[in-house]
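# Working through the structure, step by step
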Amino acid sequence: MLIKKREDTAGDEITDKSVYLNRRTFMRGAVLAASVTATGLVYRSFTSPGGSSGKKSEPETARQGAGGQAAVEEKLTALEDISNYNNFYEFSTDKGGVASKARKFVTRPWTVAIGGLVNKPREFDIDDLIKLAPPEERVYRLRCVEGWSMVIPWLGIPLGRILEKVEPNSKARYVRFETLLDPKQMPNQRTGLLAWPYVEGLRLDEALHPLTILATGLYGETLPPQNGAPVRLVVPWKYGFKSIKSIVKIDLVEDQPVSTWTTAAPNEYGFFSNVNPGVPHPRWSQARERRIGEFGLRDTLLFNGYGEQVAGLYSGMDLKANF
Amino acid sequence: MDDIRFAKFVILVNGLLPLVLMARDALGGNLGANPVEFIIHSTGILALVFLFLSLAVTPLRKVLLLPWLVKLRRMLGLFAFFYASVHLIAYSGFDKTFNIPAIVEDTFKRPFITLGMAGFLLLLPLAITSTNGMVKRLGGKRWRLLHRAAYVAAILGVLHFYLQVKADTRLPLLFGSVLGILLAYRILNRFLPQFTERAPARAGAPPR
């Protein structure tokens, strides 16, 4: 835009020009401010790092392991990270966005129906289930199939202690778990993202292994909804997605259950899904992992470091074929 | 400052803003539980967004009859290259500790890395030939032909994104749809220009 300056302009016209230029400057300022605001908002909406405040409590070092047999001598992951970085697709596929969407999740009343091939099928009220055995603190590594890991102090009961109450019969070979189906509370269950409700499974001997627990707490407190309240499975030597959350149904069955992730991508997520640095995910390596709270990478350990306790479950088995 | 220069200034400020916000969050420890993943993911998305914006310039200037928009395209494209570079450096450094053999192995072994790397390598000559001097040296026709590779880079970038996600493909599919529209416009423009080119209002035409 060309603004001609005439030498013979009268004084009042020069004032007009400065007013004009001021208005122009003002308009430009407004355009710049509006665009910066819009860009900032779009940036924030596209990329939410989640609710972690940055003011993290100093993580404690591990206190105790699984009755001394699987003590983890590594630094605990901060509670803020454990409770703000979640894969819980029922609420959100954005790990930083699960906590806020799960805040109002109703966990009482809650029943867990345990049945199938058992002598004494039973519907447990969650508060009765918790009292079946004294809660134990278990500090476990959790290795996600995505390549990150945490060290989490769970509070829970060995699954075996619960299964013995219902008396699995001789035909039972597998255990099938199911998450709550409630699209009103879990918005993504209205989408076809995965086959809902979420289903997972274990071989009976895996389910009865002393390391396998049903967790109801975290850091000595009640389990937050985003971490799978009121009750979730924790199988520390398997990738995180095997540790199904917010369980309402446990069935003893004869045939190997088909888990939700296996349905979604059979060539990527197998039934066993044992942590194994030597068996890559078809799209990425599993050799290393990023521990949440650290910048560098660690080597991933076979069976997530629990080989001494669980390798015997798989003796003679081809771990590559049975991924 | 004339209007074009002001418009470029607006693009410059807005293009740098995500970087500034990210740096501020990084210094305050506000990048979430997995800052590395956040940086890699966000810069990848930013690279695609700026690449798409640069590809939207031609359709927009024709549809909106704003020919001067073309003067903003270079900066948008360079921002796409800039964020793609940060994305690649973050991946190479944080995930691969700048271990070149490991990066090469990843590139040949993992299809989504192959696609991403190919997309970046395509952007490289475009960034190098973005100066006025290079446009002159290549000649407008050859330069335009070369810079159509931006579309190929965008396709590779979207596929790279799509193959990386675990199950929620909604965002990559959205990017794919936008790219589809941009490509459809160019194809339509080529074969049926009467639908895409609005005739500029003739001087003296009666006001509508």
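Further up the page is the structure itself.
Right, let's walk through the structure included here. (Residues numbered from 1 in each chain as written. Chains lettered and ligands numbered in written order. Predicted model: local features only at pLDDT ≥ 70, side-chain atom pairs only at ≥ 80, totals over all residues.)

## Focus on the interface of chain B and chain A
Applied cut-off: Residues are defined as contacting one another if the C-beta atoms placed from their backbone atoms lie within 7 Å. Counting from the N terminus, the helices are the DSSP runs of H or I reaching at least four residues and the strands are the DSSP runs of E reaching at least two. Classification convention: Asp, Glu, Lys, Arg as charged; Ala, Val, Leu, Ile, Met, Phe, Trp, Tyr, Cys, Pro as nonpolar; all other residues, Gly among them, as polar.
Listed by partner, the interface residues are 27 residues for chain B and 31 residues for chain A. Those elements that place two or more of their residues in the side of chain B that touches chain A are α1 (3-27) and α2 (35-63) of chain B. For the side of chain B that touches chain A, the element with the most residues is α1 of chain B, which contributes nine residues. Here the side of chain B that touches chain A is composed, by residue class, of 14 nonpolar, seven polar and six charged.

## Details of the environment of Asn87 of chain A
All names here are of chain A. For the record, the criterion: Once C-beta atoms are placed from the backbone, each residue is buried if 20 or more other C-beta atoms lie within 10 Å of its own, exposed if 12 or fewer, and partly exposed for counts between those two.
You can see Asn87 is positioned in the loop between α2 (79-82) and α3 (98-102). C-beta crowding within 10 Å serves as the criterion here: with 19 such atoms nearby, Asn87 is assigned to the partly exposed category. In sequence terms Asn87 and Ser45 are 42 residues apart; their C-alpha atoms lie 19 Å from each other. Setting aside its immediate chain neighbours within four residues, Asn87 contacts Lys95, Cys144, Gly240 and Phe241.

## Describing α2 of chain B
Residue and element names in this part refer to chain B. To keep things clear, this is the line we draw: Expected span of a helix: the number of residues minus one, times 1.5 Å. Think of it this way: the bend at a residue is just the angle between two axes, each fitted to seven residues, one set ending at that residue and the other starting at it.
Taking 1.5 Å per residue, 29 residues should reach 42 Å; α2 reaches 41 Å between its end C-alpha atoms and fits that length. Helix geometry: α2 is bent most strongly at Val57, by close to 35 degrees, with proline Pro59 lying one to four residues after it. Once α2 finishes, Leu65 follows within two positions and takes phi at roughly 55 degrees, a positive value.

## Side note on helix α5 (residues 111-128) of chain B
Residues and elements named next belong to chain B. Here α5 contains 18 residues, and its C-alpha end-to-end distance of 26 Å stays within 8% of the 26 Å for a straight helix at 1.5 Å per residue. Restricting attention to buried positions, one finds in α5 the residues Ile113, Leu115, Gly116, Met117, Gly119, Leu123 and Leu126. Looking at the buried side of α5, the elements it contacts are α3 (73-95), α4 (100-109), α7 (140-147) and α8 (149-164).

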